[in-house]
Amino acid sequence: MQAFRAVMFGAFDNGWVHACGVVLLSGAVAVGLMAIFGRWKDVLLADYKPTIQV
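Please read these numbers as outputs of a predicted model, since none were measured by experiment. (Residues numbered from 1 in each chain as written. Predicted model: local features only at pLDDT ≥ 70, side-chain atom pairs only at ≥ 80, totals over all residues. Heavy atoms only, no water.)

### Focus: the overall build of the protein
Helix and strand content of the protein: two helices and zero strands. Burial statistics for the protein: of 54 residues in total, 2% are counted as buried. (Helix = DSSP H or I, 4+ residues; strand = E, 2+ residues; numbered from the N terminus. Buried < 20%, exposed > 50% of the residue type's maximum accessible area, 1.4 Å probe, protein only.)

### Considerations on a nonpolar patch on the surface
Together, Leu-25, Val-29, Leu-33, Ile-36 and Phe-37 make up an exposed nonpolar region whose accessible area comes to about 550 Å². Here Leu-25 lies in helix 2 (residues 16-37). Note on Leu-25: relative accessible area 56%, which makes it exposed. (Patch = residues over 30% accessible without salt bridge, like charges linked within 9 Å, V, L, I, M, F, W, Y side chains within 5 Å. Areas by Shrake-Rupley, 256 points an atom, 1.4 Å probe, with all protein chains shown as cover. Salt bridge = Lys/Arg side-chain N within 4 Å of Asp/Glu carboxyl O.)

If you want it as structure tokens, here you go:
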């Protein structure tokens, strides 16, 4: 709750903005790289099944 209040009222001279931006940017870069270089496999609807047996 304290972090939420700090964000709402501009505490710490808005120093948290840079940290949030770095986290968001790194996530966006990771998703972008995965979308470009990731290996995609087409799976038929009949082949969908759980990855582990419970």
